[in-house]
Amino acid sequence: MAHYVPPEVYTNAFFEERLDTSDEWIRTRTGIRERRFAFNAGTSTLMKPAAEKAMERRGLGKDDIDIVICATVTPDHVFPSTACILQDALGLTNCWGFDISAACSGFLFALQTARSLVESGAANRILLCGGDRMSAIIDMKDRTTSVLFGDGAGAVIVEADENPGTVGIADSVLHIDGAGKRFLFQPAGGSVKPPSTDTVENREHYVKQDGKTVFKAAVVGMAEVTVDIMERNNLSADDVAWLVPHQANLRIIDATRERMGLDPKKVMINIDRLGNTTAGTIPICLSEWYEQGRLNKGDKLILSSFGAGYTWGSVYLQWELPKYES
Ligand code: COA
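As the structure is a prediction and not an experimental result, all values here were calculated from the model.

**Student:** Provide a residue-level description of the site of the ligand, including the pertinent values.
**Tutor:** The ligand sits among 23 residues. The nearest are Thr 21, Arg 143, Gln 209, Lys 212 and Asn 249. Trp 25 places a side-chain nitrogen or oxygen 3.4 Å from a nitrogen atom of the ligand. At 3.0 Å, a backbone N or O of Gly 211 approaches a nitrogen atom of the ligand. For the ligand, whose unbound accessible area comes to 950 Å², protein coverage reaches 75%. For the shell around the ligand, the secondary structure elements donating two or more residues are α2 (23-30), α6 (143-146), α8 (211-232), α9 (250-260) and β12 (300-307). Take the shell around the ligand: its biggest share by element is four residues, from α8. The class makeup of the residues in the shell around the ligand is nine nonpolar, nine polar and five charged.

**Student:** Describe in detail the pairing of strand β7 (residues 151-159), supporting the description with residues and values.
**Tutor:** Counting buried positions along β7 gives eight out of nine residues, so the element sits mostly inside the fold. Sheet analysis places strand β1 (residues 2-4) next to β7, joined by three bridges and oriented antiparallel. By the bridge assignment, Ala 2 is partnered in β7 with Ala 155. Relative to β7, strand β6 (residues 125-133) is paired through nine bridges, and the arrangement is antiparallel. Its bridge partner lying in β7, Arg 125 is registered against Glu 159.

**Student:** Give me the side chain of Arg 133: which residues, what numbers.
**Tutor:** In this structure, Arg 133 sits in strand β6. Buried and unpaired, Arg 133 has no salt bridge, with Asp 151 as the nearest side chain of opposite charge at 4.2 Å. In this structure the side chain of Arg 133 is engaged in a polar contact, spanning 2.9 Å, whose partner is the backbone oxygen of Ala 41. Discounting residues that sit within four places of it in the chain, Arg 133 has contacts with Ala 38, Phe 39, Ala 41, Thr 43, Leu 46, Thr 74 and Asp 151.

**Student:** Quick one: what's the story with the sheet that holds strand β4 (residues 67-71), residue by residue and with numbers?
**Tutor:** Judged by pairing direction, the sheet is mixed, and its five strands sit side by side in the order β1-β7-β6-β4-β5 without closing on themselves. Edge positions in the sheet fall to β1 and β5 (96-100), since each of these pairs with one other strand and no more. Between one strand axis and the next, the sheet turns by 15° as a mean value, whatever way the strands run. Pairing of β4 with β5, which is carried by five bridges, proceeds in the parallel orientation. Each residue of the ladder has a partner; that of Ile 69, found in β5, is Phe 98. In the packing of helix α3 (residues 43-57) onto the sheet, contacts are made with β1, β4, β6 and β7, and the angle to β7 comes to roughly 35°.

**Student:** Break down the nonpolar core for me, with residues and values.
**Tutor:** Core analysis: the biggest nonpolar cluster contains 40 residues, and Phe 15, Val 207, Met 260, Leu 262 and Ile 302 have the highest contact counts within it. The element contributing the most residues to this core is α8, with six residues. Here this core spans two domains, since at least three of its residues come from each of domain 1 (2-159) and domain 2 (168-318). Excluding anything up to four places from it in sequence, Val 207 contacts Met 134, Ile 137, Ile 138, Asp 142, Thr 145, Phe 149, Leu 184 and Phe 185. Core analysis: the next-biggest nonpolar cluster, separate from the first, contains 34 residues, Ala 114, Val 244, Met 268 and Ala 279 among them.

**Student:** I'd love a proper account of the sheet that holds β12, names of residues and values included.
**Tutor:** The strand order across the open sheet formed by four strands is β8-β13-β12-β11, and the pairing between neighbours is mixed. At either margin of the open sheet sits one strand with a lone partner, and together these are β8 (169-176) and β11 (242-245). For this sheet, the mean inter-axis angle between neighbouring strands, taken without regard to orientation, is 10°. Relative to β8, helix α5 (residues 106-119) is tilted by about 130°, and along the sheet it contacts β8, β12 and β13 (311-318).

**Student:** Summarise the pattern of salt bridges; cite the residues concerned and give the values.
**Tutor:** For the coordinates displayed, the defined rule picks out 15 salt bridges. Taking the shortest distance from any N to any O, the salt bridge between Arg 125 and Glu 159 comes out at 2.5 Å. Pair noted here: Arg 125 is in strand β6 and Glu 159 is in strand β7, with a separation of 34 residues, a long-range link. Its relative accessible area of 23% is what places Arg 125 among the partly exposed residues. The salt bridge involving Glu 204 is made with Lys 193; its shortest N-O contact spans 2.5 Å.

**Student:** Run through the domain arrangement of the chain, naming residues and quoting values.
**Tutor:** Taken domain by domain, the chain consists of domain 1 (2-159) and domain 2 (168-318). Opposite the 44 residues of domain 1 that make contact, domain 2 presents 47 residues. Roughly 3,600 Å² of surface becomes buried between domain 1 and domain 2 when both sides are summed, with 61% attributable to carbon and sulfur atoms. In this structure, the connection of domain 1 to domain 2 is made through two salt bridges. Close ionic contact of Arg 57 with Glu 291 constitutes a salt bridge, the shortest N to O distance being 2.8 Å.

**Student:** I'd like a description of the side chain of Ser 135, backed by residues and values.
**Tutor:** On the secondary structure map, Ser 135 appears in the loop between β6 and α6. In terms of polar contacts, Ser 135 uses its side chain to reach the side chain of Arg 133, at 2.9 Å. Among the polar contacts listed, one links the side chain of Ser 135 to the side chain of Asp 151, at a separation of 2.7 Å. Contacts of Ser 135, omitting those with residues within four sequence positions, involve Phe 37, Ala 38, Phe 39 and Asp 151.

About the criteria used
- Residues numbered from 1 in each chain as written.
- Predicted model: local features only at pLDDT ≥ 70, side-chain atom pairs only at ≥ 80, totals over all residues.
- Heavy atoms only, no water.
- Near = heavy atom within 4 Å.
- Polar contact = N/O pair within 3.5 Å; in protein donor to acceptor, adjacent residues only side chain to side chain.
- Areas by Shrake-Rupley, 256 points an atom, 1.4 Å probe, with all protein chains shown as cover.
- Helix = DSSP H or I, 4+ residues; strand = E, 2+ residues; numbered from the N terminus.
- Nonpolar A, V, L, I, M, F, W, Y, C, P; charged D, E, K, R; others polar.
- Buried < 20%, exposed > 50% of the residue type's maximum accessible area, 1.4 Å probe, protein only.
- Pairing = 2+ DSSP bridges.
- Lys, Arg positive; Asp, Glu negative; His and termini not counted.
- Salt bridge = Lys/Arg side-chain N within 4 Å of Asp/Glu carboxyl O.
- Contact = heavy atoms within 4.5 Å.
- Axes fitted to C-alpha atoms, helices over the stretch in contact; angles between N-to-C directions.
- Core = buried A, V, L, I, M, F, W, Y, C linked by side-chain atoms within 4.5 Å.
- Domains from an automatic or database assignment.
- Buried area = accessible area lost by both parts, 1.4 Å probe.

Encoded structure:
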């Protein structure tokens, strides 16, 4: 696995200079200090270096990938899929692929999809990218949303392990509830409200969020699904090496950790440095921890998310890669 974040760092001071906000408000309400923006990139541009690095680490060539899956809500275009664009950019010669739209849960939904395709025998090896260029759809004049997000992507190779006794991806619990759609969405640009002068003037192509309502739903949803997957698999907090939570708000992460009874040292956090990269948060966290040599073979990991839709879920997996050596 691997990840890519753009080099340009935007601290909270960037917003202090433009909006009625403060570093103190952003830090205490969200845990975010800075994020990365790539104002001139498409999402595929963020995914490409992550995918290249992941393939290189696994020693894969251009004809070794059977399927490309991209989880994103900021596709390069409405169509064709970002998977098609990425396949072309990478020069992959023998694959099919598609995009998955599940917002902040996109990586987990795509991981379960990839797992099912490999387990069914439909594919040997899947390139799965999760990432978003949120700077394309956040309203830089809206202090309630612009400060929350960042740009970035992660990439993983999903494949079967022939070794007997391998656990890998062990279980997943995923949910959707479209009753949440009006609390976090992009009003225009789809078929319900195609672009028009009015939609542009009304700034309807940007993320709109009822933060308080989403916050409450996220605290309950992410904690419940995480406890559910632990109970289904007879896991205690001591058994879990790492919680890998979606990074929307440090307080939502804390609520989940508390419900698990987990030591704070066992939680992967990068929201302080990267903000909410939507489908990118979980694979970027995993890749960072992997590169830092903090993941050991046999570690039990719980990946959890909550996002627009609503979409939410947890994946339980056992880390099967040897410790990373640069
Ligand atoms: N700077 C300063 N003040 C701000 C602000 C900012 N950037 N953004 C909002 N405010 C103001 C609000 O206007 C509100 O003012 P009011 O009371 O005069 O109306 C006040 O701060 C409190 O807003 P509130 O919504 O109660 O804050 P909060 O404690 O709920 O935190 C969020 C706001 C957005 C950080 C929080 O609701 C959240 O994280 N929501 C979920 C986000 C999320 O998970 N989204 C992605 C899906 S996973």
